[in-house]
Amino acid sequence: MPRLLLLAPLLLAACIADPDQIESPEIEVVTDQGTVTCQLYTLRNTLYDRAVLRPASMTDRLANAICRDEGERRLAELNAAG
């Protein structure tokens, strides 16, 4: 039984997708503060969406939120289309 508990994290890690395998082309989102370049992932997985370039006046946190929002917007658009 203890061996199984030690193997559990390895088995779980094998099931989680590597973000590099699900990357989409980078996109740009124009904001009032400037353009944010986002790395989005598959449309069904917005958890990893993040900013790769942002205006100097913008925080990483805000830039990443903008990218996640864009991923969510695209997911909603896909779901609405059917």
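Scroll up a little and you will see the structure.
Residues numbered from 1 in each chain as written. Predicted model: local features only at pLDDT ≥ 70, side-chain atom pairs only at ≥ 80, totals over all residues. Heavy atoms only, no water.

Caption draft 1: The overall build of the chain, seen in detail. Of the regular secondary structure elements, the chain holds two helices and three strands. Counting helices and strands in the order they occur from the N terminus, the chain gives α-β-β-β-α. Residues counted as buried form 26% of the 82 residues belonging to the chain. On the chain, roughly 6100 Å² of surface is accessible, and the fraction owed to carbon and sulfur atoms is 59%. (Helix = DSSP H or I, 4+ residues; strand = E, 2+ residues; numbered from the N terminus. Buried < 20%, exposed > 50% of the residue type's maximum accessible area, 1.4 Å probe, protein only. Areas by Shrake-Rupley, 256 points an atom, 1.4 Å probe, with all protein chains shown as cover.)

Caption draft 2: Up close: the environment of Arg54. Take Arg54: it is sitting in the loop between β3 (50-53) and α2 (60-81). Linking Arg54 and Cys38, residues 16 residues apart in sequence, is a C-alpha distance of 8.7 Å. Apart from the residues lying within four places of it in its own chain, the contact partners of Arg54 are Thr35, Thr59, Asp60 and Ala63. (Contact = heavy atoms within 4.5 Å.)

Caption draft 3: Fine view of α2. The end-to-end C-alpha distance of α2 is 32 Å, a good match for the 32 Å that 22 residues give at a rise of 1.5 Å each. Those residues of α2 hidden inside the fold are in contact with β1 (27-31), β2 (34-39) and β3. Two residues or fewer past α2, Gly82 is found with a positive phi of approximately 115°. (Expected span 1.5 Å × (residues − 1).)

Caption draft 4: How the structure looks around the nonpolar core. One finds Ile27, Val29, Val36, Cys38, Leu40, Ala51, Met58, Ala63, Ile66 and Cys67 forming the largest nonpolar core, which totals ten residues. Of all the elements in the fold, those that place two or more residues in this core are β1, β2 and α2. Looking at this core, the element that brings in the most residues is α2, giving three residues. Contact partners of Ile66, with chain neighbours within four places excluded, come to Val29, Thr31, Val36 and Met58. (Core = buried A, V, L, I, M, F, W, Y, C linked by side-chain atoms within 4.5 Å.)

Caption draft 5: Representation of the pairing of β2 in the model. Bridge count for β1 against β2 is five bridges, and the pairing is antiparallel. Looking across to β2, one finds that Glu28 is bridged to Thr37. Here β1 hands over to β2 after two residues, the two strands then running antiparallel side by side. Here three bridges tie β2 to β3, and the two strands are oriented antiparallel to one another. Of the residues in β3, the one forming a bridge with Cys38 is Ala51. (Pairing = 2+ DSSP bridges.)

Caption draft 6: Representation of the state of the cysteines. According to the stated counting rule, one finds one disulfide in the structure shown. Bridging Cys38 to Cys67, the disulfide has an S-S length of 2.0 Å. Taking the sign of the S-S torsion, about -80° here, the bridge from Cys38 to Cys67 comes out left-handed. Residue Cys38 is found in strand β2, and its partner Cys67 is found in helix α2; the two are separated by 29 residues along the sequence. Each member of the pair, Cys38 as well as Cys67, carries the same accessibility label: buried. (Disulfide = S-S within 2.5 Å.)

The quantities given are spatial measurements derived from coordinates; they are silent on function.
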